[in-house]
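Structural characterization, general
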Protein chains: 2
Amino acid sequence: MLEKYVKAARGLEKADLVLKNTTYLDVFTGTLKTGDIAVVGEKIVGTGKYQGKEEIDCSGLTVIPGYIDGHVHIESSQLSPEEFASLIVPRGTTTIIADPHEITNVCGMAGCEYIAKASQNVPLEVKLQLPSCVPATPFETSGAVLNGKDIENNINNDYIFGLGEFMNYPGLIYCDPDTLKKAEAAHSAGKVIDGHAPAISGYDLNGYLACGVTTDHECVTKEEIEEKISKGMYVHIRHGSSTQNLGNAKYITDKNMRRFILCTDDRHAADLKEKGHLDDALRRLVANGLNPVTAVICATLNAAECYNLKWRGGIAPFYLADLVAVDNLKNFNAKYVVKGGKLVAKNGKPLFDTSKRYLPANVLNTVHLKRPLTAKDFVLTLKGTKAKAMTIEPGGVVTGCEIVEVKSENGDVTVKDTDLLKLAVVERHKLTGNIGKGLFKGYGFKGGALGITIAHDSHNIILMGDDNEAMAKAANHLKEIGGGMVIVERTPCHSENSSCHSERSEEPPQYKIYSLTLDIGGLMSSRDAESLQRDSKALIERAYSMGVKRDYEAFMSLAFLSLAVIPKLKLTDAGLFDVEKFTFTDINV
Amino acid sequence: MLEKYVKAARGLEKADLVLKNTTYLDVFTGTLKTGDIAVVGEKIVGTGKYQGKEEIDCSGLTVIPGYIDGHVHIESSQLSPEEFASLIVPRGTTTIIADPHEITNVCGMAGCEYIAKASQNVPLEVKLQLPSCVPATPFETSGAVLNGKDIENNINNDYIFGLGEFMNYPGLIYCDPDTLKKAEAAHSAGKVIDGHAPAISGYDLNGYLACGVTTDHECVTKEEIEEKISKGMYVHIRHGSSTQNLGNAKYITDKNMRRFILCTDDRHAADLKEKGHLDDALRRLVANGLNPVTAVICATLNAAECYNLKWRGGIAPFYLADLVAVDNLKNFNAKYVVKGGKLVAKNGKPLFDTSKRYLPANVLNTVHLKRPLTAKDFVLTLKGTKAKAMTIEPGGVVTGCEIVEVKSENGDVTVKDTDLLKLAVVERHKLTGNIGKGLFKGYGFKGGALGITIAHDSHNIILMGDDNEAMAKAANHLKEIGGGMVIVERTPCHSENSSCHSERSEEPPQYKIYSLTLDIGGLMSSRDAESLQRDSKALIERAYSMGVKRDYEAFMSLAFLSLAVIPKLKLTDAGLFDVEKFTFTDINV
């Protein structure tokens, strides 16, 4: 192959592909240059004047290296890796560091393998991090457990790039042997460990970093960023759907610039489709005043250096031909995207086929119930007239705990005609029959039940409703469709199915069921992005039409109510959990 | 081990070693900070306030990461790796990228193995590059040949870090299959390829770089440096004994800074001892106006990034505890040097023992002659009265060709009472009996012969003299001592050995022999640096006292007369070579 490279580089033979008449960014000196870019096979072989078997005229366009997303959970898009790629590659992203934490919590190593194999169908390089914290906490039942031994056994897999965000920082700094074993295994394998260290500083940060953690995508303050960079970390500038810290770019200086990289972490399909991926981050960063050359270097060369992705992130001979031709360094509209030497997207549309999707049986049908549930399963018997109810604080992830007055009838709390709703977490992995029950105040929903099989991080079924029967039906329906989102509506009328947007509706007549199937692990859909999104929107609008307050994301706000590492009150399949006291708590006051 | 790191990092247990009260350089943000630096095992675990089992008070000192020499031939010091370390580690260098090109030309892979094993005796990390160009040219007889297959067979050896400077750029850009195979082998092994690309630019540079070459230590002009960096190369700032390009630092900007690293390439023991190693480079760079923080970053973090030396080149948790405490960032006098967590030098003196040296038989006795040589072997019969004579141009490496008038007597050219000397290259590896012969004009030496077994790059015996008998004795003596440098002096007197500085002197009385043994491959000495240098100086002074002009380095100028890749006229064991025409040439005009 080198012979072909050399001959084309010297202009003796035609290159396979030439981007003609470009302005291109030399990330090594931070300057814009002009010339043709010659590509042979998957590599750039030279810049200058070149002829190609295939030529793309880039007059008026600026060519920059393909973007590298330093940290992303594909699952958050609810799309398969193939469909995810179809949205982000045309935006200019050619490499992602993906942590399949969610699907691995459901499916174990089969989840990792699925993401790895499915990614091979598309021109997006997916560097897969082995999730380090499965489950995220021991306070709920997950589909899988990866302990230290499991990490040791899998970290050397060819398809594993590194160890995913180490959220369990207490495990590291308090020296839990099994937790330390995970970090040791990554080092023995010579693999990178991603971090996740919100607000950790000083000696605790030293302790965390003494385990060899490389990155952080959680920091937001100037002090935090400066401390983390000065202690050797790379800091992500994050452009997620809910979690953002683009403001971190304010703290970039000439001296520390090389330690900043971009990521999206969690980004929904709607945002990917309507706003974009890292292109949108770049657009906003530049609009906010960041030098566009600096912004691009963070998204390319810096990430390549952080993750030891040699020969990537620059436009130079022997570098991987991952290239984006954009209109300018203000709008970052990608006209052409080249991945590994092939033109893979044009004018925002993928040129690759995503209709054939890898879909192994072991990531399907992941919703398991011990037996069909009935209304009785959602009876909530309280001891008195005061109980703890969960609320959601502004921001959407932190919850509150409010003491509320409750009435009961026939041994079951009454939520009708109150601003309370029943909340339930139904274990769906191990046939334990666990159902955690609680109360939620102020969601606004009325007339049935909402349910979803995305519930961070173990992804049991979360249900909310004012009707035991509806809640049971919601759970049973989610099992039937293999996971997803559901609305069970109690209706006065008996039939009239005309306006149903559901994939499926069911009798008996007093309940209508509307749902969206997320067949892959109950988290992602095997369908195409476009139709999925259309149906998803319709379902979400239906939830709002049933009273969900616009302060909340109709379904996704539910998905964080189980996450027993974020304050204050959470509900898991094992019961109500007080995060501040780090222990289970009684609903009765 | 992580548990120990974490507990010390958090201040719960004493660290093994603490540098107290330091000002230290945070290379990640380019700022000076204050605090203690805690070390456990070979790692830094934290900065802040710490207590240690061992503590070193660094009040008033500035602690910076240990220096990384990006490209060096240990052989140029004429010292064993152990003794080399004893000179450079106390200066603050803790890691070197070493290319054992010279000894491998003599001893083949045994030379590489020797350097690798000997280096294990000392607290200097030697990252060994497999020499890519053995021999450097096909126009002389070398001790070893490493062809493409040999590179394939050895590049994956554990002790091999990468592929050494690829001097044979024509082999790459003209696509010689065996040469390309070497580069392919390095890439298959995932190893770095060092470059050597003097004045190569444009499409030829693209061709060279399309083979995946990473660095260049030969560039000197602004244009060259800018082109090379913009095409993805790292550029060395070189501080060798004869070859220097510290001026490259002028072209460092905030934008391209991360692509500059430091190296010494070839540095003599005397310079190492009297002036220093990278500390001397830093001192001069700063004296010349380079920002000291930038200078240190080039010598540390940048080199670590260039060579993928993860967790090196910075002062932060989990980074290798390679540290230098200097008086200030102007003088760079190293007070303490810590390598891998151990204090290894203090006040410029090594704290490690170098008296036990690894000395395998297969790098000794490397001077082989088919038979003892006699005066007849140096008879030079010319066809007429005009001949080509070699000269040395200012600078010491490029040679000239001058047509000179010659007289002959008994079929042998007469050099007595002229400014000509006979030059001979005696093959010493393969018992070929080859002797290349020529003339040299203007060296000034009179009254015998000079000889040396360092003759780039194949290291045959180079002799210069005005006396056939003395030249024969010089060659025979070099064989006897196993290589080194020799002076054979024709004396009027017969005995009086009193003032001999030689290791050994010989009768018959009309010649005195003075020599210095370089027993390791005929290139390096197994002795201690100090006594070697004393004797070396004495021998060199004797050569000057016999008329060698002070324009030349008495012996080392001879060492470049065989190097058939540098213009214009060279002499190898196979004959006189015209580098510009790239072919052998007749001495007769």
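In this report, we go over the structure that sits alongside the text. Since the model is a prediction, treat every value here as computed from it, not as a measurement.

1. Side note on the packing of aromatic side chains
- Across all of its chains, the model carries 28 aromatic pairs over all chains by this definition.
- The interplanar angle of 90° and the centroid separation of 5.5 Å between the aromatic rings of F440 of chain A and Y443 of chain A together place this pair among those described as edge-to-face.
- Members of the aromatic cluster, each reached through a chain of ring pairs, are Y5, F28, W311, F318 and Y319 of chain A.
- The ring of F318 of chain B is capped by K43 of chain B, whose NZ or CZ atom sits 3.7 Å from the centre of that ring.
- When the ring centre of Y544 of chain B is taken as origin, the NZ or CZ atom of R550 of chain B, which lies over that ring, is 4.1 Å away.

2. So, the environment of M257 of chain A
- In this fold, M257 of chain A is placed in the loop between β12 (234-238) and β13 (260-263).
- Residues M257 of chain A and V406 of chain A, 149 residues apart in the sequence, show an inter-C-alpha distance of 56 Å.
- Beyond its immediate sequence surroundings of up to four residues, M257 of chain A is in contact with I252, T294, I297, C298 and N302 of chain A together with R258 of chain B.

3. Observations regarding the sheet that holds strand β11 (residues 215-216) of chain A
Residues and elements named next belong to chain A.
- Spatial strand order, β11-β12-β13: three strands in an open sheet with parallel pairing. This sheet does not close on itself; its edge strands, each paired only once, are β11 and β13.
- Here β11 pairs with β12 via two bridges, running parallel. Its bridge partner lying in β12, T215 is registered against Y234.
- The strands that helix α9 (residues 222-230) touches are β11, β12 and β13; relative to β12, the one it contacts most, it runs at about 140°.
- On the sheet, helix α12 (residues 292-306) packs against β11, β12 and β13 and is oriented at approximately 100° with respect to β13.

4. Considering the relation of the copies chain B and chain A
- Taken as rigid bodies, chain B and chain A are interconverted by a rotation of 180° and an axial shift of 0.0 Å, the fit giving an RMSD of 0.1 Å. Viewed as a symmetry operation, the transformation between the two copies matches a two-fold axis. Within chain B, the C-alpha atom positioned nearest to the axis of rotation is that of D254 of chain B, 3.1 Å from it.

5. Topic: the pattern of salt bridges
Residue and element names in this part refer to chain A.
- In this structure the tally under the stated criterion is 80 salt bridges over all chains.
- With a shortest N-O distance of 2.5 Å, K441 and E402 are connected by a salt bridge. You can see K441 sitting in strand β23 (residues 435-441) and its partner E402 sitting in strand β19 (residues 399-405), a full 39 residues away along the chain.
- Taking relative accessible area as the criterion, K441 reaches 22% and is therefore assigned partly exposed.
- In this structure, K473 and E469 form a salt bridge, with 3.6 Å as the shortest nitrogen-oxygen distance. Of the two residues, K473 and E469 both sit in helix α13 (residues 468-481), four residues apart, roughly one turn of that helix.

6. Things to note about the sheet that holds strand β10 (residues 192-195) of chain B
Residues and elements named next belong to chain B.
- What the five strands build is an open sheet, ordered β6-β7-β8-β9-β10; its pairing is parallel. Edge positions in the sheet fall to β6 (67-72) and β10, since each has one partner strand and no second. Strand-to-strand twist in this sheet, taken as the mean axis angle between neighbours without regard to direction, amounts to 30°.
- The strands touched by helix α11 (residues 278-287) are β6 and β7 (93-98); relative to β6, the strand with the most contacts, the crossing angle is about 100°.

7. Observations regarding the interface of chain B and chain A
- Facing the 61 residues of chain B at the interface are 61 residues of chain A.
- Taking both partners together, chain B and chain A bury about 5,100 Å²; carbon and sulfur atoms supply 55% of that area.
- Put simply, chain B and chain A have six salt bridges between them.
- When the shortest N-O distance is used, the salt bridge between E305 of chain B and R259 of chain A registers 3.7 Å.
- Across the contact surface, chain B and chain A share 18 residue pairs in polar contact (both at pLDDT 80 or more).
- Of all the secondary-structure elements, those providing two or more residues to the side of chain B that touches chain A are α1 (2-9), β3 (43-48), α6 (169-173), α7 (177-188), α8 (202-209), α9 (222-230) and α12 (292-306) of chain B.

8. Notes on empty space enclosed by the protein
- By the definition in use, this model includes eight cavities of 30 Å³ or more.
- Estimated volume of the largest cavity: approximately 400 Å³.
- Together, 27 residues line the largest cavity, and E305 and N308 of chain A together with A304, E305 and N308 of chain B are the ones closest to its centre.
- Secondary-structure elements contributing two or more residues to the lining of the largest cavity are α12 of chain A together with α12 of chain B.
- Looking at which element gives the most residues to the lining of the largest cavity, the answer is α12 of chain A, with four residues.
- Here the lining of the largest cavity is composed, by residue class, of 13 nonpolar, six polar and eight charged.

9. Description of the state of the cysteines
Residues and elements named next belong to chain B.
- Under the defined criterion, the tally for this structure stands at zero disulfides over all chains.
- Among the cysteines around C263, which has no disulfide bond, C219 carries the closest sulfur, lying 10 Å off.
- Residue classification places C263 among the buried residues on the basis of a relative accessible area of 0%.

10. Quick look at the environment of V220 of chain B
- Here V220 of chain B shows up in the loop between β11 (215-216) and α9.
- Here the alpha-carbon distance between V220 of chain B and S132 of chain B, two residues 88 residues apart in the chain, equals 23 Å.

11. What about helix α4 (residues 109-119) of chain B?
- Of all eleven residues in α4 of chain B, nine are buried; the element is thus mostly enclosed.
- Burial in α4 of chain B covers these residues: M109, A110, G111, C112, Y114, I115, A116, A118 and S119 of chain B.

12. Let's talk about the packing of helix α7 (residues 177-188) of chain A against α1 of chain B
- For the pair α7 of chain A and α1 of chain B, interaxial distance at closest approach is 10 Å and the crossing angle is 110°. By the criterion of interaxial angle, the relationship of α7 of chain A to α1 of chain B is roughly perpendicular. Seen from α7 of chain A, the contacting residues are L180, A183 and E184 of chain A; seen from α1 of chain B, they are L2, E3 and V6 of chain B.
- For the contact of α7 of chain A with α1 of chain B, the class distribution of residues is four nonpolar, no polar and two charged.

13. Description of the nonpolar core
- Counting 350 residues, the largest nonpolar core has Y208, L439 and Y443 of chain A together with Y208, L439 and Y443 of chain B as its most contacted members.
- Ignoring any residue separated from it by four or fewer positions in sequence, one finds Y208 of chain B in contact with F166, Y169, L172, I173, G195, H196, A197, V213 and M233 of chain B.

14. Observations concerning α12 of chain B
All names here are of chain B.
- Its 15 residues place the ends of α12 20 Å apart at the C-alpha level, agreeing with the 21 Å of an ideal helix rising 1.5 Å per residue.
- At C298, α12 shows its strongest bend, of approximately 40°.
- Here α12 lies mainly inside the structure; 14 of its 15 residues are buried.
- One side-chain oxygen of the residue at the start of α12 lies 2.7 Å from the amide nitrogen of V293, identifying that residue as N291.
- Note on α12: the residue one or two positions beyond its end, N308, has a positive phi of about 55°.

15. Remarks on the environment of T414 of chain A
Residue and element names in this part refer to chain A.
- Locating T414 in the fold gives a position in strand β21 (residues 412-414).
- A residue is classified by how much of its surface remains accessible, and T414, at 25% relative accessible area, is partly exposed.
- If we skip the residues at most four places from it in the chain, T414 touches K407, S408 and E409.

16. Digging into unusual backbone geometry
- In this structure, the amide linkage connecting H456 of chain A to the following residue, D457 of chain A, adopts the cis form with an omega of -5°.
- Tracing the backbone through its elements, the reader meets D457 of chain A in the loop between β24 (448-452) and β25 (461-465).
- In this structure, N347 of chain A takes a positive phi of about 50° despite not being glycine.
- Mapping N347 of chain A onto the fold places it in the loop between β16 (342-346) and β17 (349-350).
- Of note, the phi angle at N410 of chain B is positive, near 50°, even though the residue is not glycine.
- Turning to its location among the elements, N410 of chain B is positioned in the loop between β20 (407-409) and β21 (412-414).
- On the basis of relative accessible area, N410 of chain B is assigned to the exposed category, the value being 78%.

Rules of the game
- Residues numbered from 1 in each chain as written.
- Chains lettered and ligands numbered in written order.
- Predicted model: local features only at pLDDT ≥ 70, side-chain atom pairs only at ≥ 80, totals over all residues.
- Heavy atoms only, no water.
- Phe/Tyr/Trp six-rings, centres within 6.5 Å; stacked < 30°, edge-to-face > 60°.
- Lys NZ or Arg CZ within 6 Å of the ring centre and 35° of its normal.
- Helix = DSSP H or I, 4+ residues; strand = E, 2+ residues; numbered from the N terminus.
- Contact = heavy atoms within 4.5 Å.
- Pairing = 2+ DSSP bridges.
- Axes fitted to C-alpha atoms, helices over the stretch in contact; angles between N-to-C directions.
- Least-squares fit on C-alpha atoms with pLDDT ≥ 70 in both.
- Salt bridge = Lys/Arg side-chain N within 4 Å of Asp/Glu carboxyl O.
- Buried < 20%, exposed > 50% of the residue type's maximum accessible area, 1.4 Å probe, protein only.
- Buried area = accessible area lost by both parts, 1.4 Å probe.
- Polar contact = N/O pair within 3.5 Å; in protein donor to acceptor, adjacent residues only side chain to side chain.
- 1 Å grid on protein atoms, 1.4 Å probe; cavity = no way out; pocket = protein on both sides within 12 Å on 5 of 7 lines; lining within 4 Å.
- Points joined across faces, edges and corners; volume = space filled by probe spheres on them.
- Nonpolar A, V, L, I, M, F, W, Y, C, P; charged D, E, K, R; others polar.
- Disulfide = S-S within 2.5 Å.
- Parallel < 35°, antiparallel > 145°, perpendicular 65-115°, else oblique.
- Core = buried A, V, L, I, M, F, W, Y, C linked by side-chain atoms within 4.5 Å.
- Expected span 1.5 Å × (residues − 1).
- Bend = angle between axes of the 7 residues up to and from the residue.

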